[in-house]
Amino acid sequence: MVDLIKTFLPNVYKMGWAGQAGWGTAIYLTFYMTIISFLIGGILGLVAGLFLVLTAPGGILENKTAFFILDKVTSIFRAIPFIILLALINPFTRMIVGTGIGPTAALVPLSLAVFPFFARQVQVVLSELDRGVIEAAQAVGANSWDIIGVYLREGLPDLIRVTTVTLISLVGETAMAGAIGAGGLGNVAIAYGYQRFNQDVTILATVLLLLLIFFIQFLGDFLTRKISHR
C-alpha cells in the first residue's frame, strides 16, 4: 500500500501524516475550525433568529426597535464576503485572541460569518411554523420561555436541516481561512497542491473535503428523517 502511494501519489506521501503540513494536522484543523466556530456562531445565530421571530410585528415580544436593529445587523454581516470579513475584523480578532493569524484567530471571523447566515435560516424556519400551535400554547397560559420551547420543538426537523446547510457552507469557508494561516484541508489543496503544481495533493484534499461534506449531509438527512417520523 505504501509503495503504491509512493508511486502514484508521490507528493501526498512526502507531506506525511504528522507535522505542521501533515495530513493528520490538516484534517484536525478543518474539524477544529468547523466545530468550534459553529458552536459559537450557531448559538449566536439561534438566539438572533429566535429574537427576530419573537420581536417581529405580530410576535409574542413585538418590539419594532429591537427587531429593526437586529434585522439590520444580521443583514450587514450577511452581506460581507467572508474573505473581506477576515481583513475587516482583524483588529477585533487580535483583541479577542491575541493574534491575527492561525486557526484560533480564524474562529472569530468564521463565527461571525456563521451567525447571520444561521440566524436567517432559523428565522425562516420558525416564521413558517403553524401559528395555530403558538396560539394554542398562549391560550393555555404558556409564558415566553414555554413558547420558545414550542418553537424549538416544532421546528426541530427543519432546524437540523438548516444546520446541515450551515455546516456545509462553513467547511467551504475554512478553506478561505487559509489566507490568515489557519491551515486545514482547503489550505493544503491551494498552498501545497495548486500553487506548487502538486495535482495529487489537490485531488486528495478535495476528495477528503467532499467526504466530510457527504458525511455531514448524510447525518443531517438521517437525523431529520428520524425526528420527523417520531
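All values reported here derive from a predicted model rather than from experimental measurement.

### Considerations on the nonpolar core
And step 1. W23, A106, L126, Y151 and V188 are the most contacted members of the largest nonpolar core, which totals 46 residues.
And step 2. Elements with a minimum of two residues in this core: α2 (10–15), α3 (23–54), α5 (82–88), α7 (103–127), α8 (131–139), α9 (144–176), α10 (185–194) and α11 (199–228).
And step 3. For this core, the element with the highest residue contribution is α7, accounting for ten residues.
And step 4. Apart from the residues within four sequence positions on either side, Y151 is in contact with L50, V53, L54, L126, L129, R131 and I134.

### Some remarks on the packing of α3 against α7
And step 1. Running from N to C, α3 and α7 cross one another at 40 degrees; their axes reach a closest spacing of 6 Å. As far as their axial angle goes, α7 and α3 are oblique. Handedness of the crossing formed by α3 with α7: right-handed.
And step 2. Along the lines of polarity and charge, the residues of the contact of α3 with α7 split into 22 nonpolar, nine polar and one charged.

### Notes on the side chain of S111
And step 1. By the secondary structure assignment, S111 is in helix α7.
And step 2. When residues no more than four places from it in sequence are discounted, the contact partners of S111 are S37, I40 and G41.

### Concerning the packing of aromatic side chains
And step 1. Counted by the stated rule, this structure contains four aromatic pairs.
And step 2. When the centroid spacing of 6.3 Å and the interplanar angle of 70 degrees are considered together, the rings of F77 and F115 count as edge-to-face. With F77 in helix α4 (residues 64–79) and F115 in helix α7, the pair connects residues that are 38 residues apart, well separated along the chain.
And step 3. The class of F77 is partly exposed, set by a relative accessible area of 26%.

### Notes on the packing of α3 against α4
And step 1. Here α3 crosses α4 at 135 degrees, and the two axes come no closer than 9 Å. In terms of orientation, α3 and α4 fall into the oblique class. By crossing handedness, the relation of α3 to α4 is classed as left-handed. Of α4, the residues touching α3 (which contributes A48, F51 and L52) are F67, L70, D71 and T74.
And step 2. Of the residues assigned to the contact of α3 with α4, the class counts are five nonpolar, one polar and one charged.

### Details of the layout of surface pockets
And step 1. Of the volumes computed, that of the largest pocket is approximately 410 Å³.
And step 2. For the lining of the largest pocket, the elements supplying multiple residues, two or more each, are α3, α9 and α11.
And step 3. Along the lines of polarity and charge, the residues of the lining of the largest pocket split into 15 nonpolar, five polar and no charged.
And step 4. Volume-wise, the second largest pocket comes out at about 170 Å³.
And step 5. What lines the second largest pocket is a set of 14 residues, among which Q20, L29, G183, N187 and Y192 lie closest to the centre.
And step 6. Broken down by secondary-structure element, the contributors of at least two residues to the lining of the second largest pocket are α3 and α10.
And step 7. When the residues that make up the lining of the second largest pocket are grouped by side-chain class, the tally is seven nonpolar, seven polar and no charged.

### As for the UniProt feature "transmembrane region" (unreviewed entry) in the protein
And step 1. Here the UniProt feature "transmembrane region" (unreviewed entry) sits at residues 31–54, 66–89, 95–119, 175–195 and 201–220.
And step 2. Split by type, residues 31–54 is 100% helix and 0% strand. Its first and last C-alpha atoms lie 33 Å apart.

Parameters and conventions
- Residues numbered from 1 in each chain as written.
- Predicted model: local features only at pLDDT ≥ 70, side-chain atom pairs only at ≥ 80, totals over all residues.
- Heavy atoms only, no water.
- Core = buried A, V, L, I, M, F, W, Y, C linked by side-chain atoms within 4.5 Å.
- Buried < 20%, exposed > 50% of the residue type's maximum accessible area, 1.4 Å probe, protein only.
- Helix = DSSP H or I, 4+ residues; strand = E, 2+ residues; numbered from the N terminus.
- Contact = heavy atoms within 4.5 Å.
- Axes fitted to C-alpha atoms, helices over the stretch in contact; angles between N-to-C directions.
- Parallel < 35°, antiparallel > 145°, perpendicular 65-115°, else oblique.
- Left-handed = near helix turned anticlockwise from the far one by under 90°.
- Nonpolar A, V, L, I, M, F, W, Y, C, P; charged D, E, K, R; others polar.
- Phe/Tyr/Trp six-rings, centres within 6.5 Å; stacked < 30°, edge-to-face > 60°.
- 1 Å grid on protein atoms, 1.4 Å probe; cavity = no way out; pocket = protein on both sides within 12 Å on 5 of 7 lines; lining within 4 Å.
- Points joined across faces, edges and corners; volume = space filled by probe spheres on them.
- UniProt positions renumbered as here; feature names shortened; annotations may be inferred.

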